[in-house]
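Per-entry structural report
So you can see what is in the structure, the chains are spelled out below.
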Amino acid sequence: MAAIDSKRMIITLMVLMMVVLAQGQTDLALVPPAPKPKTGRCVKRCLYKCIWKLSPQRIALCFGLCMIGCKLRPPQGVYKCTSDCANSLLNTYNPTDAEKVLEIFVGSCYKSCKHKKNH
């Protein structure tokens, strides 16, 4: 049973990384180029930082926020807004699917916060 849970968590993390990378590529086209760390370096750093969280949902949240901070480097206000928003949603809804945490919570919070700061 534990092997199945570990395998599912690894697959979930890989899917989450792909979603974050796809989101980052979309956003990068709208932002003037700036020196950014290579994706692989961000992934390694974020995985090491987040793998110690106690639940797949917390790992997904940590990883998504870490990748946004490392790869996209938003202004501090946008990053804090995204973090506060995603944590609030996670605590309120307590989802069972880690993929939804990244896609719905982190992704929608980031878009919303970025939009608010631009207007």
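Let me begin by describing the structure that accompanies this report.

Calculation rules
- Residues numbered from 1 in each chain as written.
- Predicted model: local features only at pLDDT ≥ 70, side-chain atom pairs only at ≥ 80, totals over all residues.
- Heavy atoms only, no water.
- Helix = DSSP H or I, 4+ residues; strand = E, 2+ residues; numbered from the N terminus.
- Contact = heavy atoms within 4.5 Å.
- Areas by Shrake-Rupley, 256 points an atom, 1.4 Å probe, with all protein chains shown as cover.
- Phe/Tyr/Trp six-rings, centres within 6.5 Å; stacked < 30°, edge-to-face > 60°.
- Buried < 20%, exposed > 50% of the residue type's maximum accessible area, 1.4 Å probe, protein only.
- Salt bridge = Lys/Arg side-chain N within 4 Å of Asp/Glu carboxyl O.

Attention now moves to the overall build of the protein. When helices and strands are counted, the protein shows five helices and zero strands. Secondary structure elements of the protein, listed N to C terminal, follow the sequence α-α-α-α-α. The long-range share in the protein, meaning contacts at least 24 apart out of those at least 6 apart in sequence, stands at 69%. Counting only carbon and sulfur atoms, one obtains 62% of the accessible surface of the protein, whose full area is about 7,600 Å².

Tallying each qualifying case throughout the model produces two aromatic pairs. Ring centres of Tyr48 and Trp52 lie 6.2 Å apart, and the angle between their planes is 85°; on these two criteria the pair is classed as edge-to-face. The pair Tyr48 / Trp52 is uniform in exposure class, with both members exposed. Taken together, a centroid distance of 6.4 Å and an interplanar angle of 45° make the contact between Tyr93 and Phe105 tilted. With a gap of twelve residues between them, Tyr93 in helix α4 (residues 76–93) and Phe105 in helix α5 (residues 98–118) connect regions that are remote in the sequence. Residue class for Tyr93 comes out exposed when judged on its relative accessible area of 57%.

Quick look at the pattern of salt bridges now. Taken as a whole and assessed by the stated rule, the structure comprises one salt bridge. A salt bridge links Lys80 to Asp84, with the shortest nitrogen-to-oxygen separation between them at 2.9 Å. Pair noted here: Lys80 and Asp84 are both in helix α4, with a separation of four residues, about one helical turn. Accessibility expressed as a relative area gives 42% for Asp84, which makes it partly exposed.

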